[in-house]
Amino acid sequence: MLKHEKNEKGIYNPVMPNIEDWPIHKLSQERELFIEQLTDASTKHLTAMAGGAENLHQEIAKALYLERIRIKTEPWAVDPPDDKAFWHKVNQTLVETSLSTSQQDRSEENAKVLQQIIARYANEIVGRFEPSIYHRARKILTSSFAQLFNTISTPRLFGGSKSGKSKPLGGRLSLVGNAELIRDLSLKGTLLIVPTHFSNLDSVLIGWAIQAWGLPSVQYGAGLNLFNSKFFAYFMDRLGAYKVDRRKKNSLYIETLKMYSRMTLQKGCHSLFFPGGTRARSGQIETRLKLGLLGTAVDAQRLNFVEAISNHQPTSTAGKIFIVPLVLNYHFVLEANSLIEEHLRRRGKESYYIIKSDFPSTRKMTSFISQFLWKKSEVFLSFGKPRDIFGYEVNKEGESLDKNGNVVDISQYFTTDGKFVADEQRDSEYTKLLSEVIIKDFYQENMVLSSHLIAFVAFEMLLRRHNRLDLYGVLRLHEEDRRIPYDTFIETVDKIRNVLKTMHDNDQVNLGTAIHSDINRLIDHGLRNLGVYHSKKPLVRSKSGDYMSSEDMNLLYYYHNRLLGYELEKLI
């Protein structure tokens, strides 16, 4: 039986001490062979999808067209130097093939070109894992976080997550959730961690949390743009990151990426991907998820059951994939300014004008992290209940449980007349249902912080006061029109706080400890933490104490959005 031992700082012993036993390490050891398998499987899949030589020719031509646009309009430093030459050769081959009078020759040439493209994509996507670099990164993270957060806590917070087990140890970085269950499941099957996504700092924090709980390293998708930085590229390229290039919109690339996810899950590699697809520009918790990669978990689970049956293994636990929702909770976000500006530009088009967006430099990220050290701000990582791919909760043996606690054999959901059947439409529906369960868990596991609450109340009060203006009119309010009487503000914060307490009692949301403080202390705590990194404050109290106001309405709107989705605005 696995011993869940941890030190005084809340750091668990590894569930799998020998790094050579980690699935991600085994996959990396066979990287070249795996790339061949991925290329072969993707080529066969895409050929079958095309349904004929002419259709395949068209799909390759579409990919060529889109790739040439990408090279011309969005070149990156990380792009291979032969990018233009490769696609020029593809173009020449397509032209020559189209002139051939032999259908067999055309089919063979199309198949050859397809395989070359897929092999190129596969080599780009598939990452590496080097134990020496992992140990080096672990030392850096351990020493950095020890200084930054002093200690970790895995709390059953006062008013916090009910799935947590122990009391807080005084740290500013808190891991909330059932660590013991997740550790047990990591040895019973494959973990798929699905977090919310607000900042480029998310991956670093999650990586450290996984290490703190003694879990084997996971593979994760990293935007190819991050590899433009040599510093980040050096570590990510050797720590299990697979590359995702969101510029590539063609079906050949997308299907290869999905095949990669499915095959690695089948091989038992613990994985992490952000189901929202990218950072939440608005600051709101995701309400819609990308179903492509999520669907690969459903595909992998079905194929694992087929393999279990062929090997005469029980399907109740064999090859199980466990979905672990994770909500990251910050008082302030490094990229909040650029994210909300991008969101407003996309949403408002001509109604919104401004501004400049930038990717955070190493200097900015260092400055941001230092704010935690000096401002003593809190960060919470709230792990939800592990589930199977149908949303059922699971026990420590990996068995699926219905709402009455009875064991469910979910393999039956993939059968027709007692036989396992591949059904794309059925599995698509299963994926949609899974996404709905994850979104519900996001909102239930969300940790409402004092900064979220006061930003939400302040912006909603301004919306009500200026209800003849649209959103963009409110964002452009003159400084004098942004004032909110403090007595009215404190009364409204208290009203919403009481509703949140009731919601917490009904397991609908989690609350940070400050939410239970005296109302004036709650507001002071929120003001100290809200946007402390930003030069212009989202919310401030006047020197006289008579009113609240905002120095930056965009930021106030961004942090306000964190509490959208609970229908609290109806109460103001």
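Below is a summary of the structure that appears in this document.

Thresholds, definitions, all that
Residues numbered from 1 in each chain as written. Predicted model: local features only at pLDDT ≥ 70, side-chain atom pairs only at ≥ 80, totals over all residues. Heavy atoms only, no water. Helix = DSSP H or I, 4+ residues; strand = E, 2+ residues; numbered from the N terminus. Buried < 20%, exposed > 50% of the residue type's maximum accessible area, 1.4 Å probe, protein only. Polar contact = N/O pair within 3.5 Å; in protein donor to acceptor, adjacent residues only side chain to side chain. Core = buried A, V, L, I, M, F, W, Y, C linked by side-chain atoms within 4.5 Å. Contact = heavy atoms within 4.5 Å. 1 Å grid on protein atoms, 1.4 Å probe; cavity = no way out; pocket = protein on both sides within 12 Å on 5 of 7 lines; lining within 4 Å. Points joined across faces, edges and corners; volume = space filled by probe spheres on them. Nonpolar A, V, L, I, M, F, W, Y, C, P; charged D, E, K, R; others polar. Expected span 1.5 Å × (residues − 1). Axes fitted to C-alpha atoms, helices over the stretch in contact; angles between N-to-C directions. Parallel < 35°, antiparallel > 145°, perpendicular 65-115°, else oblique. Left-handed = near helix turned anticlockwise from the far one by under 90°. Pairing = 2+ DSSP bridges. Right-handed = clockwise from strand over helix to strand, strands pointing away. Salt bridge = Lys/Arg side-chain N within 4 Å of Asp/Glu carboxyl O.

Things to note about unusual backbone geometry
Of note, the phi angle at D417 is positive, near 55 degrees, even though the residue is not glycine. Considering the arrangement of structural elements, one finds D417 in the loop between β12 (415-416) and β13 (419-420). Looking at D417, the relative accessible area reads 79%, which means it is exposed. Unusually for a residue other than glycine, E567 sits at a positive phi of about 65 degrees. Here E567 shows up in the segment after α19 (553-560).

Let's talk about the side chain of H534
Within the secondary structure layout, H534 lies in the loop between α18 (519-529) and β17 (540-541). When its relative accessible area of 4% is taken as the criterion, H534 is described as buried. Only 2.7 Å separates the side chain of H534 from the side chain of Y559, close enough to count as a polar contact.

As for the nonpolar core
Residues L381, F489 and I523 are the most contacted members of the largest nonpolar core, which totals 158 residues. No other element matches helix α15 (residues 450-465), which puts nine residues into this core. If we ignore the near neighbours within four places in the chain, the residues touching F489 are I454, V457, A458, M461, I484, I523, L539 and M548.

Comments concerning empty space enclosed by the protein
Summed over all chains, the structure comprises three cavities of 30 Å³ or more. Of the voids in this model, the largest cavity is the one considered here, and its volume is about 80 Å³. The leading source of residues in the lining of the largest cavity is helix α1 (residues 23-29), at three residues. Counted by class, the lining of the largest cavity contains five nonpolar, four polar and two charged residues.

Comments concerning helix α10 (residues 251-266)
For α10, spanning 16 residues, the distance from its first C-alpha to its last is 22 Å, which sits close to the expected 22 Å at 1.5 Å a residue. When α10 is considered as a whole, its buried residues turn out to be L252, Y253, E255, T256, L257, M259, Y260, S261, M263, T264 and L265. N-capping of α10 is provided by N250, with a side-chain oxygen placed 3.1 Å from the backbone N of L252. G268 sits one or two positions beyond α10 and adopts a positive phi of about 85 degrees.

Some points on the packing of helix α4 (residues 83-98) against helix α5 (residues 103-125)
At a minimum axis distance of 10 Å, the contact between α4 and α5 shows a crossing angle of 165 degrees. Our classification of the angle between α4 and α5 gives roughly antiparallel. Of the two elements, α4 crosses α5, and the hand of that crossing is left-handed. Two secondary-structure elements touch here, α4 through D83, F86, W87, V90, T93, L94 and T97 and α5 through R106, E109, N110, V113, Q116, I117, R120 and Y121. Considering only residue class, the contact of α4 with α5 consists of seven nonpolar, four polar and four charged.

Let's talk about the layout of surface pockets
Taking a probe equal in size to a water molecule and rolling it over the atoms shows the remaining empty space. Looking at the second largest pocket, its volume works out to about 640 Å³. If you trace the second largest pocket, you find 19 residues lining it, with H45, E255, K258, D299 and E424 closest to the centre. For the lining of the second largest pocket, the elements supplying multiple residues, two or more each, are α2 (31-50), α10, α11 (291-310) and α14 (424-445). Each residue belonging to the lining of the second largest pocket can be placed in one class, and the counts come to five nonpolar, six polar and eight charged.

Regarding the pairing of strand β4 (residues 219-223)
The buried fraction of β4 is high, at five of five residues. Of the two faces of β4, the one holding Q219, G221 and G223 and the one holding Y220 and A222 are both buried throughout. Two strands pair when backbone bridges link them, and β4 and strand β5 (residues 241-244) are joined in this way by four bridges, in the parallel orientation. Across the sheet, G223 pairs through a bridge with V244, a residue of β5. Following the backbone out of β4, through helix α9 (residues 230-236) and into the adjacent parallel β5, one traces a crossover that is right-handed.

Examining the pattern of salt bridges
Oppositely charged side chains can pair when the atoms bearing their charge come close. Inspection of every chain in the model, using the stated rule, returns 26 salt bridges. One salt bridge connects K258 with E255, and the closest N-O pair in it is separated by 3.4 Å. Taken together, the positions of K258 and E255, both in helix α10 and three residues apart, correspond to about one turn of that helix. The residue E335 makes a salt bridge to R279 at a minimum N-O spacing of 3.0 Å. Taken together, the residues span a long stretch of sequence, with E335 in the loop between β7 (321-330) and α12 (336-348) and R279 in the loop between β6 (271-272) and α11 at a distance of 56 residues.

Observations concerning the environment of K432
When you line up the elements, K432 lands in helix α14. Sequence separation of K432 and G295 is 137 residues, and the distance between their C-alpha atoms is 8.5 Å.

Things to note about the pairing of strand β8 (residues 379-383)
Burial within β8 is extensive, with five of its five residues counted as buried. Burial along β8 is two-sided: V379, L381 and F383 and F380 and S382, pointing in opposite directions, are all buried. Two elements, β7 and β8, share five bridges in a ladder whose sense is antiparallel. Among the inter-strand pairings, V327 is bridged to a residue of β8, identified as S382.

Points about the sheet that holds strand β18 (residues 547-549)
Read across the open sheet, the three strands follow the order β15-β18-β17; overall the sheet is antiparallel. Sheet topology places β15 (484-485) and β17 at the edges, where each strand pairs with a single neighbour. Relative to β18, β15 runs antiparallel, the two being bridged by two bridges. When the bridges of β18 are listed, I484 appears paired with M548.

Some details on the sheet that holds strand β10 (residues 400-401)
Across the sheet, which stays open at both edges, the three strands sit in the order β9-β10-β11 with antiparallel pairing between neighbours. Lying at the two open borders of the sheet, with one neighbouring strand each, are β9 (393-394) and β11 (407-408). Both β10 and β11 contribute to a ladder of two bridges, which runs antiparallel. Pairing of S400 across the sheet is with V408, part of β11.

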